[in-house]
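# What the coordinates show
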Amino acid sequence: MIKAVIIGFSHMHVNEIAMYIKEQADFELCAAADVPSEVEDIPPLRYTPKWNLQNVKENYCPNIYDDYRQMLDEVKPDIAFILTENCQKLDVCLECEKRGVNISIEKPIALSLDEAKKIEESVRKYGIEAYVNWPVAYRPYLYKFKAAADSGIVGKPVKLRYINGHTGPLGKGAKHRGVTAKAEEMTDELRGKTWWHRESHGGGVYLDIACYGCYFSDWIFGKGCSVIACGENLNTPFGDTDDNFAAVIKYDGKMSVIEGTWTTPRAVIPSGPMLLCTDGVIVCTGGAENAPDVEAYDIYGNKVEIPNAEIGAEFKNMPEMYAHHKKTGEPVYHMLTLAENMKIMEMLEAVIKSSQSGKEEKVGE
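So, here's what we can say about the structure.

Definitions and limits used
Residues numbered from 1 in each chain as written. Predicted model: local features only at pLDDT ≥ 70, side-chain atom pairs only at ≥ 80, totals over all residues. Heavy atoms only, no water. Axes fitted to C-alpha atoms, helices over the stretch in contact; angles between N-to-C directions. Helix = DSSP H or I, 4+ residues; strand = E, 2+ residues; numbered from the N terminus. Parallel < 35°, antiparallel > 145°, perpendicular 65-115°, else oblique. Left-handed = near helix turned anticlockwise from the far one by under 90°. Contact = heavy atoms within 4.5 Å. Nonpolar A, V, L, I, M, F, W, Y, C, P; charged D, E, K, R; others polar. Buried < 20%, exposed > 50% of the residue type's maximum accessible area, 1.4 Å probe, protein only. Pairing = 2+ DSSP bridges. Right-handed = clockwise from strand over helix to strand, strands pointing away. 1 Å grid on protein atoms, 1.4 Å probe; cavity = no way out; pocket = protein on both sides within 12 Å on 5 of 7 lines; lining within 4 Å. Points joined across faces, edges and corners; volume = space filled by probe spheres on them.

## Some remarks on the packing of helix H8 (residues 205-221) against helix H10 (residues 338-357)
Two elements in contact, H8 and H10, have axes separated by 9 Å at closest approach and are oriented at 125°. Viewed along their axes, H8 and H10 adopt a mutual orientation that is oblique. Regarding H8 and H10, the two cross each other, and that crossing is right-handed. For the pair H8 and H10, the contacting residues are Tyr206, Leu207, Ala210, Cys211, Cys214, Tyr215, Ser217 and Asp218 in the first and Glu340, Lys343, Ile344, Met347, Leu348, Val351, Ile352 and Ser355 in the second. Here the contact of H8 with H10 is composed, by residue class, of eleven nonpolar, two polar and three charged.

Structural data, given as structure tokens:
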């Protein structure tokens, strides 16, 4: 049996992670603990940290610790799932790593590339396993997209386009997996007090959404060469973070155009990436919550048949992936590994730097 703990309730993904661990036959969710925050306390409205904690306690894990370090020392888990504020990830990861506890960090790795490098250095020092959990790694239609891209059925891929959005993590009508109900109505004053709208805590559209664009760019093209980006706060003046951005990731002979918004929800914008190729296009159809699929067309608009994409049962969620890895000895999917995610973080850092400098920024510098 794999002994697991959860650290942090600041990310609403904690609700689905707790559910997945509880459902996985080889896992035992032994305990959970929050991490003290410097942000002002607000009422426990749905998807806020206090609400998430209570939901996990009532439905998945009654054993809640006040101190996550004490929890690690007493429970001695095999793996910790980290769902803290982005600014807390480094300290929590280091505490796990020095105790020999494997980690799954909710995307992205850390607040910054510098902090990600410190996590990576500690992973090497203590010889633990570290993974970064991406919800998009478990979407079957995206593997159909990748299979079409790799097959060359519409020529050589040259330009990736990706847009993702919602009304903000705690915005109007926001809904997150693991919970059936939508976010409760919240005043702008309360939203402004949450970590999601504070740049110092790793809030904002870059670490929330731009990271996905970097993930897909790396998945299709590998690490880019340079980035030019622009970001603005267009609809959330109660926070100090950008809530909309657009960026171009440049490659040698290829490019990615990625966008993110906290203004418009996924239900009314494309569900996933689009790939422009020399002889046609590969597109994700439907909204992200409306039975997404993939289609391909040649340059004359004729539909092209897409090859089948087979993925294993482990591509269901992170606990399933990790359990499969432990039972079979097969590696965890490469896009979840720390090595791959360092490349993603280098591109994300360049997106943020360019948006701040107004200049083209090299990736990895």
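Read on, since the account is not over.
## Overview of the pairing of strand S4 (residues 79-82)
Of the two faces of S4, the one lined by Ile79 and Phe81 and the one lined by Ala80 and Ile82 are each fully buried. Bridge count between strand S1 (residues 2-7) and S4: four bridges; the pairing is parallel. Across the sheet, the residue bridging to Ala4 is Ile79, located in S4. Alignment of S4 against strand S5 (residues 102-106), held across four bridges, turns out to be parallel. Bridging across to S5, Phe81 finds its partner in Ser104. The β-α-β motif built from S4, the intervening helix H4 (residues 89-98) and the parallel element S5 has right-handed crossover chirality.

## Digging into the layout of surface pockets
A volume near 410 Å³ is recorded for the second largest pocket. Around the second largest pocket, the lining comprises 22 residues; the ones closest to its centre are Asp34, Ser37, Asp41, Pro49 and Lys50. Listing elements by their share of the lining of the second largest pocket, those giving two or more residues are helix H2 (49-59) and strand S3 (64-65). A total of four residues in the lining of the second largest pocket trace back to one element, the largest contributor, which is H2. Within the lining of the second largest pocket, the residues separate by chemical class into ten nonpolar, four polar and eight charged.

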